[in-house]
Amino acid sequence: VGHCHPDIVKAAHEQNQLLNTNSRYLHDNLVDYADRLSKTLPEKLCIFYFLNSGSEANDLALRLARHYTKHEDVIVLDDAYHGHLTSLIDISPYKFRNLEGQKEWVHVAPVPDTYRGLYREDHQDSVTAYANEVKNIIEQAHKRGRKIAAFFVESLPSVGGQIIPPAGYFQKVAEHVHKAGGVFIADEIQVGFGRVGKHFWAFQLQGEDFIPDIVTMGKPIGNGHPIACVATTKEIAEAFAATGVEYFNTFGGNPVSCAIGLAVLDVIEKEHLQAHATEVGNFLMKLLKEQKIKHPIIGDVRYQCLIYIFSCFLFRTQSN
């Protein structure tokens, strides 16, 4: 929403003057912010955990999935990156291939890229073909006595090449994963909060009938302030709580962080930044398509990813 946006600076300053404390002490800002976030998400995603970074959020999502399913294994997309913690390097092919390699409990599915991937635009049913790759992974894992805890994916794979999964892919994958007793985790850390323009969350590009079991948030959530969030269902949260070991994060959801989070949502709404990202993204798309016609070296111009990339710039400079 813009570097040093005055509304964000004001919210942080005013709350700092009143109180900031660790999250063992209850504060209205946390409840108010959770309530506000809930209005942007499907009703099913009604439990919120607040943290300090996207990596923390993805690590917690992994824990939630494993406690709920009682399984260990994770399916990720090729070239994915989900964070810098050890648990997340293990599920990030972008990283682990240059380090200790792939763990036995990690399974890598092909990126659903219809431009350069296994199944392209001319394929009769690329959605089903890519989803069946995940199904085959599950079947092979079961033959080895392994059980799937989660399919972990960025709603728009970014490090993997700014890929737009074909509509319906998440629904078909979720069907296979749920049948195997796993959950679907949507990583919105880079692409959430209106950056795709048309929707507030990138997973919504798949259609209204798709709802992840867990959603993780970071980066734009605090406009540079260290705050992150995991949203999930009541059933998953209750299974996690049933362990008797409560989740605690010293400063996750502290009064200042939540005041900033609320201010960010206010600015996005007040300055119509989501609509602005759509409008300017569409304009840029038109120009780049014209360049594609002129220059054969340009192979693909990706619509929603373009809006995401450009809106990152727009959101940063909007107040300047």
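Residues numbered from 1 in each chain as written. Predicted model: local features only at pLDDT ≥ 70, side-chain atom pairs only at ≥ 80, totals over all residues. Heavy atoms only, no water.

- In the annotation of an unreviewed UniProt entry, the entry for the protein chain reads AT2L2 lyase, and the organism field reads Chunga burmeisteri.
- According to its UniProt record, the protein chain has this under Cofactor (unreviewed entry): "pyridoxal 5'-phosphate".
- Checking UniProt for the protein chain, the heading Sequence similarities (unreviewed entry) contains the comment "Belongs to the class-III pyridoxal-phosphate-dependent aminotransferase family." (UniProt positions renumbered as here; feature names shortened; annotations may be inferred.)

**Topic: the pattern of salt bridges**
Right, on to step 1. Using the criterion set out here, one finds 12 salt bridges in the structure.
Right, on to step 2. Glu-100 is the salt-bridge partner of Lys-103, the closest N and O atoms lying 3.6 Å from each other.
Right, on to step 3. A salt bridge links Glu-104 to Arg-146; the nearest nitrogen and oxygen atoms lie 3.5 Å apart. With a gap of 42 residues between them, Glu-104 in the loop between helix H5 (93–96) and strand E3 (106–109) and Arg-146 in the loop between helix H6 (126–143) and strand E4 (148–154) connect regions that are remote in the sequence. (Salt bridge = Lys/Arg side-chain N within 4 Å of Asp/Glu carboxyl O. Helix = DSSP H or I, 4+ residues; strand = E, 2+ residues; numbered from the N terminus.)

**With respect to the sheet that holds strand E5 (residues 183–187)**
Across a sheet, strands are paired by hydrogen bonds formed along the backbone, either parallel or antiparallel in direction.
Right, on to step 1. Pairing is mixed across the open sheet formed by seven strands, whose spatial order is E1-E7-E6-E5-E4-E2-E3. Where the open sheet ends on each side, the last strands, each with one partner, are strand E1 (47–51) and E3. Between one strand axis and the next, the sheet turns by 20 degrees as a mean value, whatever way the strands run.
Right, on to step 2. Across four bridges, strand E2 (residues 73–77) lies against E3 in parallel orientation. Each bridged residue has a counterpart across the sheet, and for Ile-75 the counterpart in E3 is His-107.
Right, on to step 3. Where helix H2 (residues 28–38) meets the sheet, it contacts E1, strand E6 (214–217) and strand E7 (228–232), and its direction lies at approximately 120 degrees from that of E1.
Right, on to step 4. Set on the sheet, helix H3 (residues 54–69) makes contact with E1, E2, E4, E5, E6 and E7; between it and E6 the angle comes to about 165 degrees. (Pairing = 2+ DSSP bridges. Axes fitted to C-alpha atoms, helices over the stretch in contact; angles between N-to-C directions. Contact = heavy atoms within 4.5 Å.)

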